[in-house]
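Observations on the model geometry
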Amino acid sequence: METKNLTCINCPMGCSITVELDKDKIISVTGNTCKRGEDYARKEVTDPTRIVTTTVRVTGGRSAVVPVKTRQDIPKEKIFDCVRELKNVQVKAPIRIGDVIAADIAQTGVDVVAAGSVEECAAAAGSIEE
Amino acid sequence: MREYDIVIIGGGPAGLAAAVSARENGIESILILERDDRLGGILNQCIHNGFGLHTFQEELTGPEYADRYIRQAKQLEIEYKLNTMVMDIRPDRTVTAMNKTDGVFTIRAGAVILAMGCRERARGALNIPGYRPAGIFSAGTAQRLVNIEGYMPGREVVILGSGDIGLIMARRMTLEGAHVKAVAELMPYSGGLKRNIVQCLDDYGIPLKLSHTVVDIKGRERVEGVTLAEVDQNSKPIPGTEEDYPCDTLLLSVGLIPENELSRGMGAVMDPATSGPKVNESLETSIDGVFACGNVLHVHDLVDHVSKEAAAAGRNAAAYVKGSRTVKNGGGKAILLTAASGVRYTVPSTVRPEQMEDSLTVRFRVDNVYRGRCISVYFDQERVSRRKRPVMAPGEMEEIVLTKEQILGCPELETIRITVEDE
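What follows concerns the overall build of chain B. Of the regular secondary structure elements, chain B holds eight helices and 29 strands. At 22 Å, chain B has a C-alpha radius of gyration in line with the 22 Å of a compact globule built from 423 residues. Taken along the three principal axes of its C-alpha coordinates, chain B extends 65 × 60 × 40 Å. Across the 423 residues in chain B, those meeting the buried criterion constitute 57%. Once local pairs closer than 6 in sequence are excluded, the contacts in chain B between residues at least 24 apart make up 63%. Accessible area for chain B stands at about 17700 Å²; split by element, carbon and sulfur atoms hold 48% of it.

Structure below.
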């Protein structure tokens, strides 16, 4: 049997929750004050997920980078795969909020989308015309 | 001299929400003056998610939250000037500003809304001994370097202060390949949101060292390491508890201070507890027709609260311009709002019953972590409400709502007192 200790994030109480596990089966959840705590703990020990936010390099834009996020939450253990894949991605301005930056990141089935806009840099736009 | 009905100083979340609200309340002539080269303020560099749960019932990143308001402002054709620094505001609401295209110019404003936000406490405010090597950044500066400029400030990092920006940067630097060795917090509790401690530190195995501080910074040219030590109840380092952390970077997340040079220059009465101007129920400062909202008034932890507060400032400034208010600034009966035992401050600090909207949200912070206590409200000697709070912390803003009916029902009322009490 395995026990996991968590801190609930649903409210400032921050209950310390203990989950007892037998392999993948949850035996007990203790320490929570409300139902939300139990739900959180069950999800956290069986299928923890996070929305990942980071930046991606931009060429020809008014900023060097654009903020991006996974459109939905992805498994927690895929966070670093996601960020590493995005290290090799470079996008060209202009970029609008919601543009898909990378599809199916780290084989999660989730797309990474732009969370900010970057306009074309005036100088860069000029050089394209030339 | 150009004239506007309302001039808003700052185009961040507070300024934008105030502008949108003033326009929706019938004011045509509005100008936002913004120092940066874009609207949105600090939200542009807060690329993490978690914004807007209250306002939009969804979780947005900072730039997305800002974009919602920027689009509204543009749709409403609200005028704004970027790259524009306001130099001075006179009590008669003459605003002097400058930028590269207009040079120095002055504007006469029917009403002014202060929305300049806040800035970070710097190393100078901390008295940490040692040389002044490169590699010491405020957490917000590091955030700007990484998220906007695309530079990494360092590889081996120690963070002092567990405010939300420090916690967020611990995760951000880790994702960018840095090794964050520890977050040290002087107090026995964190100043950040629980959620950030779990998702920014615990998720990545970064230790949070409560009751610890930096007692030495090593290195002359570049930071080579820092020494952390445990502190006693009086925040004094305990000899023998020193631990060395080799690192090339020290981030400071040690508090935010409202940016009120303009307010002080104008002669607005300040509140030492918030470092912001004192305001009445209309969020109007001691200067007639000058309103304040957002982090320049008091530091918030959720932008959703800033937007709400700023919308109220916009409505009140609109009413002021339209002359629909019955009581002048400084005139009429004012009830004092006071922070009693356990409460650090209240915003606003006075209430004029005649000028109140149907209800008034009073925001405040407690001075310590309290478990199983109550928030009580006293009208003079009489307790009028008492609400049980399982836990309260200085890092989480509290609020109570007063109704106009309730206050008009007590014509002799002089002082409203908010306090933390035992059950």
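Moving on: the overall build of chain A. In terms of helices and strands, chain A carries three helices and 10 strands. In summary, chain A has a C-alpha radius of gyration of 20 Å against a globular reference of 14 Å for 130 residues, an excess of more than 25%. In terms of its C-alpha atoms, chain A occupies a principal-axis envelope of roughly 70 × 30 × 15 Å. The buried share of chain A, reckoned over its 130 residues, is 43%. Look at the contacts in chain A between residues 6 or more apart in sequence, and 46% of them connect residues 24 or more apart. Surface summary for chain A: the accessible area is close to 7100 Å², and the carbon and sulfur share equals 47%. Within chain A, the 19 negative side-chain charges are centred at a point lying 3 Å from the centre of the 18 positive side-chain charges.

What follows is about the packing of helix H1 (residues 13-24) of chain B against helix H2 (residues 62-75) of chain B. Residue and element names in this part refer to chain B. Interaxial distance between H1 and H2 falls to 9 Å at its minimum, and their mutual angle equals 35°. The hand of the H1/H2 crossing is left-handed. Judged by residue contacts, Leu-16, Ala-17, Val-20 and Glu-24 of H1 engage Ala-66, Tyr-69, Ile-70, Gln-72 and Ala-73 from H2. Residue composition of the contact of H1 with H2, by class: seven nonpolar, one polar and one charged.

Basis of the calculations
- Residues numbered from 1 in each chain as written.
- Chains lettered and ligands numbered in written order.
- Predicted model: local features only at pLDDT ≥ 70, side-chain atom pairs only at ≥ 80, totals over all residues.
- Heavy atoms only, no water.
- Helix = DSSP H or I, 4+ residues; strand = E, 2+ residues; numbered from the N terminus.
- Rg over C-alpha atoms; globule rule 2.2 N^0.38 Å.
- Buried < 20%, exposed > 50% of the residue type's maximum accessible area, 1.4 Å probe, protein only.
- Contact = heavy atoms within 4.5 Å.
- Areas by Shrake-Rupley, 256 points an atom, 1.4 Å probe, with all protein chains shown as cover.
- Lys, Arg positive; Asp, Glu negative; His and termini not counted.
- Charge placed at Lys NZ, Arg CZ, Asp CG, Glu CD.
- Axes fitted to C-alpha atoms, helices over the stretch in contact; angles between N-to-C directions.
- Left-handed = near helix turned anticlockwise from the far one by under 90°.
- Nonpolar A, V, L, I, M, F, W, Y, C, P; charged D, E, K, R; others polar.

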